[in-house]
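Residues per chain are reported as follows:
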Amino acid sequence: MATPQPNQIQHYPIGGELEHLFTRTMTQDDMLGLVLVGDSRGFLTTLPKPMLDEIGIKGLEIEIYTPPRNKIWVAIYYDRAIKNFRLEKIAWAEVLVKSDFKVGDKIACWSLYHADLGPNGILALLIEKVINQ
């Protein structure tokens, strides 16, 4: 099976390394801050140390791109209780509303990392609903 590619998000920055992290069905717990599953942990732990330190200490601000033309800043942090990476709940709630994501929706998530921008690179996530696949 081919790796899924974003087909509804048309406004994200070109270039950079695009990597599919996961496809999953949204749960009630996801409404309180999306847990990044699938290949997320493997990808995120390879980020430069200053970015990992920021994720672990206060959360790293990243852009989330969703259809139709939403770009929202959200902090990604390491949730020690569940031992996984998660998106901060208040800004994630804005993503949910603007993108009309609901419990039961199947979503796909990609990382977009521009290693050559800034001192440690710039990370963004692309998230869209999976439509009839």
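Quick caveat, the model's predicted, so the values are computed rather than measured.

S.K.: Break down the side chain of aspartate 105 for me, citing the residues and quoting the values.
M.R.: Looking at where aspartate 105 falls in the secondary structure, it is placed in the loop between helix 3 (89–99) and strand 6 (106–114). In terms of polar contacts, aspartate 105 uses its side chain to reach the backbone amide nitrogen of lysine 102, at 2.7 Å. In contact with aspartate 105, not counting residues within four places along its chain, are Arg24, Thr25, Met26, Asp100 and Lys129.

S.K.: Give a detailed account of helix 3, specifying residues and quantitative values.
M.R.: The α-helix advances 3.6 residues per turn, and as a result positions three or four apart in sequence lie on the same side. Within helix 3 the residues assigned to the buried category are Ala91, Trp92, Val95, Leu96 and Ser99. The arc that holds the buried residues of helix 3, viewed along the axis, is 155 degrees, so those residues lie on one side. Exposed residues on helix 3 whose side chains face more than 90 degrees from its buried face are Ile90 and Val97. Put simply, glutamate 88 is the residue that caps the front of helix 3, since its side-chain oxygen is 2.8 Å from the backbone nitrogen of isoleucine 90. Two residues or fewer past helix 3, aspartate 100 is found with a positive phi of approximately 60 degrees.

S.K.: Pulling in residues and values, what's your account of the sheet that holds strand 2 (residues 35–36)?
M.R.: Read across the open sheet, the seven strands follow the order 1-6-7-3-4-5-2; overall the sheet is mixed. Two strands in the sheet have a free side with no partner beyond their single neighbour: strand 1 (17–25) and strand 2. Pairing between strand 3 (residues 60–66) and strand 4 (residues 70–79): seven bridges, direction antiparallel. Paired with isoleucine 64 across the bridge in strand 4 is isoleucine 72. Sitting on the sheet, helix 3 is in contact with strand 3, strand 4, strand 5 (84–87) and strand 7 (122–129), with an inclination near 140 degrees to strand 4.

S.K.: An account of the nonpolar core is needed here, citing residue identities and associated values.
M.R.: In this structure, Leu34, Leu36, Ile76, Leu87, Trp92, Leu123 and Ile127 are the most contacted members of the largest nonpolar core, which totals 30 residues. In this structure, Ile9, Ala108, Leu112 and Ala124 belong to the second largest nonpolar core, which totals seven residues.

S.K.: Hey, could you go over the pairing of strand 6 for me, with residue numbers and the actual values?
M.R.: Two faces belong to every sheet, and in a regular strand the side chains alternate between them. Burial analysis of strand 6 places eight of its nine residues in the buried class, the great majority of the element. As judged from the eight bridges shared by strand 1 and strand 6, these two strands associate in the antiparallel manner. Bridge pairing links leucine 18 to leucine 112 in strand 6. By the bridge criterion, eight bridges tie strand 6 to strand 7 in an arrangement that is antiparallel.

Cut-off values and rules
- Residues numbered from 1 in each chain as written.
- Predicted model: local features only at pLDDT ≥ 70, side-chain atom pairs only at ≥ 80, totals over all residues.
- Heavy atoms only, no water.
- Helix = DSSP H or I, 4+ residues; strand = E, 2+ residues; numbered from the N terminus.
- Polar contact = N/O pair within 3.5 Å; in protein donor to acceptor, adjacent residues only side chain to side chain.
- Contact = heavy atoms within 4.5 Å.
- Buried < 20%, exposed > 50% of the residue type's maximum accessible area, 1.4 Å probe, protein only.
- Arc of directions from axis to C-beta.
- Pairing = 2+ DSSP bridges.
- Axes fitted to C-alpha atoms, helices over the stretch in contact; angles between N-to-C directions.
- Core = buried A, V, L, I, M, F, W, Y, C linked by side-chain atoms within 4.5 Å.

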